Amino acid sequence: MKVYMPNREWPEHYRAVLDELAKITDPVTGGDILDSGVVAGLEVADDTLKVWLNFESHAEYNITGASAIAYSKIIGDIIERFALVKFQNVYVYDLKNNPVGVFENKKGYTIEDISTERV
């Protein structure tokens, strides 16, 4: 995992992912998830994206407060933006390295298989 720092020099394949992550809004702050400090780190491989978010998930946290809803939306936005579109596997983790969002394309689907025109 590479720790996210705004002024860091990023390889090109990371830069493309960061540009997309910057388009995801943090519902709590209204800014993007990079500027608001939600993204703690990431790892970009050929067909796999891993993103670590700056929160800890546990039962008490998940059932109380609006922050849990905000993080659920962010996790969903990350998976929706990257799964099948750019990566075959997308994993989102909390700071304790617990998976909080997982998409694995085990059956080899393509984006055309799920396009809205076919539904």
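Quick note: structure is the one above.
First, a word on what this report is: a plain description of the structure on this page. Owing to the predicted nature of the structure, the values given are computational and were not obtained by experimental measurement. (Residues numbered from 1 in each chain as written. Predicted model: local features only at pLDDT ≥ 70, side-chain atom pairs only at ≥ 80, totals over all residues. Heavy atoms only, no water.)

What follows deals with the overall build of the chain. A tally of regular secondary structure across the chain gives three helices and five strands. Counting from the amino terminus, helix and strand elements in the chain follow one another as β-α-β-β-α-α-β-β. Counting over 119 residues, the chain shows a buried share of 39%. Put simply, 51% of the contacts in the chain that link residues at least 6 apart link residues at least 24 apart. (Helix = DSSP H or I, 4+ residues; strand = E, 2+ residues; numbered from the N terminus. Buried < 20%, exposed > 50% of the residue type's maximum accessible area, 1.4 Å probe, protein only. Contact = heavy atoms within 4.5 Å.)

If you walk through the whole model with that rule in mind, you get six salt bridges. Here Glu43 makes a salt bridge to Lys50, at a shortest N to O gap of 4.0 Å. Given the relative accessible area of 29%, Glu43 is considered partly exposed. One salt bridge connects Lys106 with Glu104, and the closest N-O pair in it is separated by 3.4 Å. A single network of salt bridges, built from pairs that share partners, joins Glu20, Lys23 and Arg81. (Salt bridge = Lys/Arg side-chain N within 4 Å of Asp/Glu carboxyl O.)

Buried within helix H1 (residues 12-21) we find Tyr14, Val17, Leu18, Glu20 and Leu21. Looking straight down H1, one finds its buried side chains confined to an arc of 160°; they lie on one side. (Arc of directions from axis to C-beta.)

Now for the nonpolar core. With 27 residues, the main nonpolar core has Leu21, Leu53 and Ile78 as its most contacted residues. Contributing elements (two or more residues each) for this core: H1, strand E2 (39-44), strand E3 (48-53), helix H3 (66-82) and strand E4 (89-93). Considering every element that reaches this core, the biggest residue donor is H3, with six residues. In this view, Leu21 contacts Ile33, Leu34, Ile78 and Phe82; residues no more than four positions away in its chain are not counted. (Core = buried A, V, L, I, M, F, W, Y, C linked by side-chain atoms within 4.5 Å.)

Another aspect to go through is unusual backbone geometry. It is generally the case that most residues other than glycine have a negative phi and that most peptide bonds are trans. One non-glycine residue, Leu84, lies in positive phi territory at about 65°. One can find Leu84 in the loop between H3 and E4. Residue classification places Leu84 among the buried residues on the basis of a relative accessible area of 9%. Of note in this structure, Asn97 is not a glycine but carries a positive phi near 70°.

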